[in-house]
Amino acid sequence: MQNKTVPEQPKQPEKEKMTIVVFSGEMDKAIAAFILATTGASMGMDVSMFFTFWGLNILKNNEGPAGGKGLMGKLLNIMNRGGSKRLKLSHFHMLGMGTAMMKKFMKDNKLPSVDEFIQMAKDMGVKMIPCSTSCGIMGLQEGAFRDEVGSLAGAAYFLNEARQSKVTLFI
Amino acid sequence: MQNKTVPEQPKQPEKEKMTIVVFSGEMDKAIAAFILATTGASMGMDVSMFFTFWGLNILKNNEGPAGGKGLMGKLLNIMNRGGSKRLKLSHFHMLGMGTAMMKKFMKDNKLPSVDEFIQMAKDMGVKMIPCSTSCGIMGLQEGAFRDEVGSLAGAAYFLNEARQSKVTLFI
Amino acid sequence: MQNKTVPEQPKQPEKEKMTIVVFSGEMDKAIAAFILATTGASMGMDVSMFFTFWGLNILKNNEGPAGGKGLMGKLLNIMNRGGSKRLKLSHFHMLGMGTAMMKKFMKDNKLPSVDEFIQMAKDMGVKMIPCSTSCGIMGLQEGAFRDEVGSLAGAAYFLNEARQSKVTLFI
């Protein structure tokens, strides 16, 4: 019920939400996820990206030690180094030739690199959230990620976002 | 407001929408996508399939040159030839033996081939839309696709469909 | 309108639905699917998991014959044996070393195994439904699956659940 003595505040319309689970750590899937996330943000949507399992590789620091907790964690993260500049194509990697060709094509088409996409997403207000459970499984600590990345959160947090979202994708 | 002198037109109820991103170009994922798309259409849904990255291979012409713009584009599309009849399984391709076995199983179970599914989807009004950004990255032009395929469209078009959809999948 | 002579039944609010298509049969994707399914159930959601293609492997009996109808079906299911204890990682399987390392990490982090997840999901009321069409393609009969698994159902059943769901994922 409206209180007549207090002037009514113009109510801000709720933004439509979009939530993307990024499970895969390949360059092509990362690009697809960021194209959708930044397009959604440019359309005025409130976008959350939730990075799990191999998707965590996309957000790892490009420089510095590989991270990882304990001997096994260190070992796993040396093998599975990650970082936006080390991602490979899911097909036609061909010892790096296919991946390099795709990078050239993206540049020729004026498409940002994964690195630039992360910065752009951050600037557009896209939330990039590492899954806390996956970090446990992968032996990863919060310091392993780049500065653009938000706090860790679990599956319940993701599902609560997803159930309010107009669009939810698992990539 | 209703005009009383003109008989009211019975308003067509809006069809429920379904939107599928087809990112993968493997035979098994293509079949899953088309089973869902044609089932949705048969249930009265308005179905759009949005083909990106490797998924574009499904819609490429089976005959004629491989397509591709410029030397690099031509090269990429010769290696990554595509066409509904050249798709492979994501597992157990086994130099073609596994893929051939799956094709035989599908025939025995009276399931359409990918080629027949594309025709069936078209006949049922399913929209098959190649992603314009992916076409740029892959060096592909509109002529590379079969006749059943609609005009190219970008990520904003897809997201606008998806936000109105009851079901949205990324395959 | 309320009938005043009959005491009003407290109406059970409809539970929000979540539907997951499990297409992939890899250990990491299975774990992701079950983390989301059991988290959803613990949040009070009504969760259905719909297993298709390689995802059927997750639900196959760990013991006994491989199953499969006819000579070809038997052969296919011997090669593609499945069972929750035989699943491999999608990356870094490394002749079993990577998969074993991940299993150790999960145990160290007190995360259930896929086998335990299936039991837990069942106890929490998560429906686990094999796709009847996929069973046909894979030459599989109902007896090939473990006891926790529900009856087979087709794509129309899935889509009807999905269109009523707040969250739908294809994994």
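Note that this is a predicted model, so its numbers are computed, not measured.

Q: What exactly am I supposed to notice about the overall build of chain A here?
A: For chain A, the count of helices and strands is seven helices and four strands. When the helices and strands of chain A are placed in sequence order, the string is β-α-β-α-α-α-α-β-α-α-β. By the burial criterion, 55% of the 171 residues in chain A qualify as buried. Of all intrachain contacts in chain A linking residues separated by at least 6 positions in sequence, the fraction that spans at least 24 positions is 72%. In the structure as shown, chain A presents an accessible area of about 8000 Å², 55% of it carried by carbon and sulfur atoms.

Q: Looking at this structure, I do not really get the sheet that holds strand β2 (residues 46-51) of chain A. What am I missing?
A: Strand pairing in a sheet relies on backbone hydrogen bonds. The paired strands run either parallel or antiparallel. Residue and element names in this part refer to chain A. On the basis of which strands lie adjacent, the open sheet formed by four strands has the order β3-β2-β1-β4 and parallel pairing. Each edge of the sheet is formed by a strand with only one pairing partner; in this case those strands are β3 (127-130) and β4 (167-170). Strand after strand, the sheet turns through a mean of 15° between neighbouring axes, direction not considered. In the sheet, β2 pairs with β3 via four bridges, with the strands oriented parallel. Bridge assignment links Phe50 to a residue of β3, and that residue is Ile129.

Q: Just checking my understanding: could you explain helix α7 (residues 155-163) of chain C for this structure?
A: Residue pairs spaced three or four apart in an α-helix point in one direction, given the helix's 3.6 residues per turn. Listing the buried residues of α7 of chain C in full gives Ala155, Phe158, Leu159, Glu161 and Ala162 of chain C. In a view along the axis of α7 of chain C, the buried residues occupy a sector of 160°, so they form one face of it. Of the surrounding elements, those touching the buried residues of α7 of chain C are β1 (17-22), α1 (27-42) and β4 (167-170) of chain B together with β1 (17-22), β2 (46-51) and β4 (167-170) of chain C.

Q: Explain the interface of chain C and chain B to me, please; I cannot follow it from the model alone.
A: It is common to give the size of an interface as the accessible area lost on bringing the parts into contact. Across the boundary between the two partners, chain C contributes 25 residues, which contact 30 residues of chain B. In this assembly, chain C and chain B are joined by one salt bridge. For Glu16 of chain B, the salt bridge identified is with Arg163 of chain C, shortest N-O distance 2.7 Å. Taken together, the connections running from chain C to chain B amount to two residue pairs in polar contact (both at pLDDT 80 or more). Put simply, the parts of the chain that give the side of chain C that touches chain B at least two residues each are α3 (70-79), α6 (132-137), α7 and β4 of chain C. Of all the elements, α7 of chain C adds the most residues to the side of chain C that touches chain B, at seven residues. Among the residues forming the side of chain C that touches chain B, the class breakdown is 16 nonpolar, seven polar and two charged.

What counts, and where the lines are drawn
- Residues numbered from 1 in each chain as written.
- Chains lettered and ligands numbered in written order.
- Predicted model: local features only at pLDDT ≥ 70, side-chain atom pairs only at ≥ 80, totals over all residues.
- Heavy atoms only, no water.
- Helix = DSSP H or I, 4+ residues; strand = E, 2+ residues; numbered from the N terminus.
- Buried < 20%, exposed > 50% of the residue type's maximum accessible area, 1.4 Å probe, protein only.
- Contact = heavy atoms within 4.5 Å.
- Areas by Shrake-Rupley, 256 points an atom, 1.4 Å probe, with all protein chains shown as cover.
- Pairing = 2+ DSSP bridges.
- Axes fitted to C-alpha atoms, helices over the stretch in contact; angles between N-to-C directions.
- Arc of directions from axis to C-beta.
- Salt bridge = Lys/Arg side-chain N within 4 Å of Asp/Glu carboxyl O.
- Polar contact = N/O pair within 3.5 Å; in protein donor to acceptor, adjacent residues only side chain to side chain.
- Nonpolar A, V, L, I, M, F, W, Y, C, P; charged D, E, K, R; others polar.

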